[in-house]
Amino acid sequence: MKITFLLVGVTSFPAGGFKVIFEYANRFANEGHTVNIVMGAATISPKTTFAALFRYPYYKLTNNYTPASWFKLHPNVHCSYHFTLSERNIPESDVIFATAVETAFYLKKYKRNVKKMYFIQDFEAWAISERKVYKTYTFPFQKIVIAPWLQKLVQSKGSDALVIPNGFDFDYFKLNKGIEDRNKFNILMMFHTMERKRCCDSISALKIVKEKYPNINIKMFGRSERPSNIPFDFDYYQSPDKETHNRLYNEAAIYIAASSVEGWGLTIGEAMICGCAVACTDNDGFTIMAHDNETALLSPVYDYKKLAENIIRLIEDDELRIRLAKAGNENIKQYTWDNSYKKFKETIFN
């Protein structure tokens, strides 16, 4: 079978949504299917189309649009990069996946007789209006979402979607250090510049914790450069490699996250695999895995004071911290790529 995934922009930088698509692409290729990943520089937004006039020649000439620097694709996964995702740029396919709002608008225009599918990993209203996002949910595609909250959004527009939770890479992330053996003052968070990640709330919470426990050890990792104007000392790791990434999670006793919206709580799942106790916000993406007082401590979105209280609870209550870390580690084991791929494949071939 010939399977094509439509992507917006280049994939030369790590991104959770791209990583999920690449995982499925590799598994299809490993079973002998022909897999194409087609990336478009210009989208339906006039602003990004103008920017693409300058961006496209660089990536096309340097061939630097693939994820080769951070993700190893199967040799039979073929990547291509075009100015637009117009149908003339799409190879022969049996199944074509839209993987973002912009790609859904392109796919709707294709006239060829193929199976059209829409893989939804978030409510993508950051670069386009909510009205247009909802409009894509009405398109006559077979839809797959990664979480129940996204299924409800699709259903609210009179359509339906199958929920297939993402899997985690249990070969990449591992529990290497005993949960009971960790320094309870070691705290880890991911730094991101996107507003919806609410790193400002995590930092505000840590400032409160630091005032009560000056000896906490704070570490951050992220794709962007080291953040400035942080009101306390911390260690920062930009785009850590596999060994460093695992070490950070395994050295931490507590992992925190304050996102207002998440399609899927990727980093809290990784932290659970590696044995961290998690304190996070109660957004719908996190609560798939983070169950209050069972596998994590939850606080309301934007309430950094409550997040600080939960971090302090985990520092002061060893029994609670260890119990939550162990329960989170056990619960996360159900989210395997084998389970996700089996459902994904059945959906395509049925």
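Above this text sits the structure in question.
Just so it is clear, the structure is predicted and the values come from calculations on it, not from any experiment.

Rules of the game
For every chain, the first residue of the written sequence is number 1, and numbering continues from 1 along that sequence. Restriction of local features to residues with pLDDT of at least 70 applies here, the model being predicted, together with a cutoff of 80 or more for giving and counting side-chain atom pairs; totals for whole chains, interfaces and linings are based on all residues. The side-chain values count all of the structure's non-hydrogen atoms but skip hydrogen atoms and water molecules. Whenever a carboxyl oxygen of Asp or Glu lies within 4 Å of a side-chain nitrogen of Lys or Arg, that contact is scored as a salt bridge. Working definition: helices are DSSP H or I runs of at least four residues, strands are E runs of at least two. Numbering for both runs from the N terminus. For each residue, the accessible area found with a 1.4 Å probe, counting protein chains only, is set against the maximum for its type, and the residue is called buried under 20%, exposed over 50%, and partly exposed in between. At least two DSSP bridges between two strands are needed for those strands to be called paired. Axis angles are defined between N-to-C directions and span 0 to 180 degrees, where every axis is a line fitted to C-alpha atoms and, for a helix, only to the segment in contact.

K.L.:
Honestly, the pattern of salt bridges in this entry has me stumped. Any pointers?
P.N.:
Between side chains of opposite charge, a pair can form as their charged atoms come close. Under the definition given, this model contains 16 salt bridges. Between Arg196 and Asp122 there is a salt bridge whose closest N-O contact spans 2.8 Å. A residue pair is termed long-range when its members are at least 10 positions apart, and Arg196 in the loop between strand S8 (186-190) and helix H6 (199-212) and Asp122 in the loop between strand S5 (115-120) and helix H4 (130-136) qualify at 74 residues. Arg196 sits in the buried class, given a relative accessible area of 12%. Judged by relative accessible area, Asp122 falls into the buried class, the value being 9%. Here Asp201 ties to Arg198 by a salt bridge, and the two come within 2.8 Å at their closest N and O atoms. Across the pair, Arg198 and Asp201 agree in class, each one buried. If you follow the salt bridges from partner to partner, you end up with Glu23, Arg27 and Asp338 in one network.

K.L.:
Explain the environment of Cys200 to me, please; I cannot follow it from the model alone.
P.N.:
Mapped onto the secondary structure, Cys200 falls in helix H6. Overall, Cys200 belongs to the partly exposed group, its relative accessible area being 41%.

K.L.:
Help me out: how do you make sense of the sheet that holds strand S13 (residues 297-299) in this one?
P.N.:
Strand pairing in a sheet is mediated by backbone hydrogen bonds. Such pairs are either parallel or antiparallel. Pairing is parallel across the open sheet formed by 6 strands, whose spatial order is S10-S9-S8-S11-S12-S13. Bordering the open sheet on either side are strand S10 (235-238) and S13, each of which pairs with just one other strand. Averaged over all adjacent pairs, the angle separating strand axes in this sheet is 20 degrees, with direction ignored. Pairing of strand S12 (residues 277-281) with S13 involves 3 bridges; the strand directions are parallel. Within S13, the residue paired with Cys280 across the bridge is Leu298.

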